[in-house]
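# Understanding the architecture of this molecule
Chain by chain, the residues:
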Amino acid sequence: MGEQAPAEASEAVRSGPQGKASAKKPKSATAGTARPESRLAMIRRARRINRELAEVYPYAHPELDFRNPFELLVATVLSAQTTDLRVNQTTPALFAAYPTPEDMAAAVPEELEELIRPTGFFRMKAKSLLGLSQALRDRFDGEVPGRLDDLVTLPGVGRKTANVVLGNVFGVPGITVDTHFGRLVRRFKWTEQEDPEKVEAEICAIFPKSEWTMLSHRVVFHGRRICHARKPACGACPIAPLCPAYGEGETDPEKAKKLLKYEKGGYPGQRLSPPPDYPGRPAAPLGARTEA
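Residues numbered from 1 in each chain as written. Predicted model: local features only at pLDDT ≥ 70, side-chain atom pairs only at ≥ 80, totals over all residues. Heavy atoms only, no water.

Now for the pattern of salt bridges. For the coordinates displayed, the defined rule picks out 16 salt bridges. A salt bridge links Arg137 to Asp138; the shortest N-O distance between them is 2.7 Å. One continuous salt-bridge network, built from bridges that share partners, spans Glu63, Asp84, Arg224, Arg225 and Glu263. (Salt bridge = Lys/Arg side-chain N within 4 Å of Asp/Glu carboxyl O.)

Following the criterion strictly, the structure yields seven aromatic pairs and no others. Judged by centre distance (5.8 Å) and plane angle (70 degrees), the rings of Tyr57 and Phe221 are edge-to-face. Placement of Tyr57 in the loop between α3 (39-56) and α4 (69-78) and of Phe221 in helix α13 (residues 212-225) is noted, with a sequence separation of 164 residues between them. In this pair, the class of Tyr57 matches that of Phe221, namely buried. (Phe/Tyr/Trp six-rings, centres within 6.5 Å; stacked < 30°, edge-to-face > 60°. Helix = DSSP H or I, 4+ residues; strand = E, 2+ residues; numbered from the N terminus. Buried < 20%, exposed > 50% of the residue type's maximum accessible area, 1.4 Å probe, protein only.)

This part covers helix α5 (residues 84-97). Its 14 residues place the ends of α5 20 Å apart at the C-alpha level, agreeing with the 20 Å of an ideal helix rising 1.5 Å per residue. Roughly 40 degrees is the biggest bend found in α5, and it falls at Thr91, with proline Pro92 one to four residues downstream. Residues Asp84, Leu85, Val87, Asn88, Gln89, Thr90, Thr91, Leu94 and Phe95 constitute the buried set of α5. Those residues of α5 hidden inside the fold are in contact with α4, α6 (101-105), α7 (109-116) and α13. (Expected span 1.5 Å × (residues − 1). Bend = angle between axes of the 7 residues up to and from the residue. Contact = heavy atoms within 4.5 Å.)

This brings us to a negative patch on the surface. A surface patch of like charges, here negative, comprises Glu102, Asp103, Asp141 and Glu143. As for its position among the elements, Asp103 is in helix α6. With a relative accessible area of 32%, Asp103 lands in the partly exposed category. (Patch = residues over 30% accessible without salt bridge, like charges linked within 9 Å, V, L, I, M, F, W, Y side chains within 5 Å. Areas by Shrake-Rupley, 256 points an atom, 1.4 Å probe, with all protein chains shown as cover. Lys, Arg positive; Asp, Glu negative; His and termini not counted. Charge placed at Lys NZ, Arg CZ, Asp CG, Glu CD.)

Right, let's get into the environment of Asp178. With respect to the secondary-structure elements, Asp178 resides in the loop between α10 (159-169) and α11 (179-187). Distance from Asp178 to Ala80, taken between C-alpha atoms, is 9.4 Å for residues 98 residues apart in sequence. A distance of 3.1 Å separates a polar side-chain atom of Asp178 from the backbone nitrogen of His180. (Polar contact = N/O pair within 3.5 Å; in protein donor to acceptor, adjacent residues only side chain to side chain.)

Looking now at α3. With 18 residues, α3 extends 25 Å from end C-alpha to end C-alpha; this agrees with the ideal 26 Å at 1.5 Å per step. Three or more residues of α3 are buried, namely Ala41, Met42, Ile43, Arg45, Ala46, Arg48, Ile49, Asn50, Glu52, Leu53 and Val56.

If a probe the size of a water molecule is rolled over the atoms, the empty space left behind becomes visible. Taken as a whole, this structure holds one cavity of 30 Å³ or more when the rule is applied. Considering only enclosed or pocket space, the largest cavity measures out at about 110 Å³ in volume. As for the largest cavity, its lining consists of 15 residues, of which Cys227, Pro232, Cys234, Cys237 and Cys243 are closest to the centre. (1 Å grid on protein atoms, 1.4 Å probe; cavity = no way out; pocket = protein on both sides within 12 Å on 5 of 7 lines; lining within 4 Å. Points joined across faces, edges and corners; volume = space filled by probe spheres on them.)

Estimated volume of the largest pocket: approximately 820 Å³. Put simply, the parts of the chain that give the lining of the largest pocket at least two residues each are α5, α10, α11 and α13. Per-element tally for the lining of the largest pocket: the top contributor is α13, with six residues.

Phe181, Trp190 and Ile203 are the most contacted members of the largest nonpolar core, which totals 42 residues. When residues of this core are traced back to their parent elements, those giving at least two are α3, α11, α12 (196-204) and α13. Broken down by element, the residue count for this core peaks at six residues, all from α3. Filtering out sequence-adjacent residues up to four positions away, Trp190 remains in contact with Met42, Arg45, Ala46, Ile49, Val185, Glu202, Ile203, Ile206, Phe207, Leu215 and Val219. One finds Leu78, Met104, Leu129 and Ala162 within the second-largest nonpolar core, a separate group that totals 33 residues. (Core = buried A, V, L, I, M, F, W, Y, C linked by side-chain atoms within 4.5 Å.)

Two numbers describe how α7 lies on helix α8 (residues 122-139): the axes approach to 9 Å, and their chain directions differ by 120 degrees. As summarised for this structure, α7 and α8 are arranged oblique, according to the angle between their axes. The chirality of how α7 crosses α8 is right-handed. For the pair α7 and α8, contact is made by Pro109, Leu112, Glu113 and Ile116 and by Phe122, Arg123, Lys125, Ala126, Leu129 and Leu130, respectively. When grouped by side-chain class, the residues that make up the contact of α7 with α8 number seven nonpolar, no polar and three charged. (Axes fitted to C-alpha atoms, helices over the stretch in contact; angles between N-to-C directions. Parallel < 35°, antiparallel > 145°, perpendicular 65-115°, else oblique. Left-handed = near helix turned anticlockwise from the far one by under 90°. Nonpolar A, V, L, I, M, F, W, Y, C, P; charged D, E, K, R; others polar.)

None of this, on its own, says anything about what the molecule does.
Below, the structure is given as structure tokens:
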């Protein structure tokens, strides 16, 4: 892709949230004889994608329900190998039973396991929750620390979880590399790395630090709603003219529109208690029928 790609794509991207212009295969993104993209051109394109995603998802936010740092920390640990929706449906009863680290640290393991069973891997997760709660109680006076070096010492907490907490409750910028983020940044050709820490380092080098947290939300939102793993909705993608992977999914606009999920497809979101500016419907409680 040449360095003029962002300018060529500007009108197409602005054509609307469903990106009708994207149904036409962008030459700059797919031509087999195109010159290799320079790093400068890639950085310009990457930053353009971020700006366009900010217009598409001005309401992007963490999709886990939480009211304080402890709840976000616990919810993020529970989110491994399951959906944020399932976590959000599970945590109301969990936090009603154990509202503080001290409460959870004293939990009977079997009772804790039963409460988090819907999230899967509940025995391993219960062990992590007990360990991190006891560590918060014993080493941090019952408070969630606001430093990455401290957070990653807690059982079950790695860089991804630490960055989620730091970025969303402490205002410390960070890149959150989950499966959606990793998939999309490779599709966008921002990196070829597979290891999350290497992905994080390479993406951090492309964007200003002030953008890291919101960039993470926007990319994850896009991956969950439009740029799906198995069948991306390319024909309904507003950034298709900027994407080297255009054409991997459905390019017909009408067919692609049917693939959209959550608020983009007219279905409930993942949060039971979404932010006030969220344009979709709240998710249903555990046990209720859901549509997305």
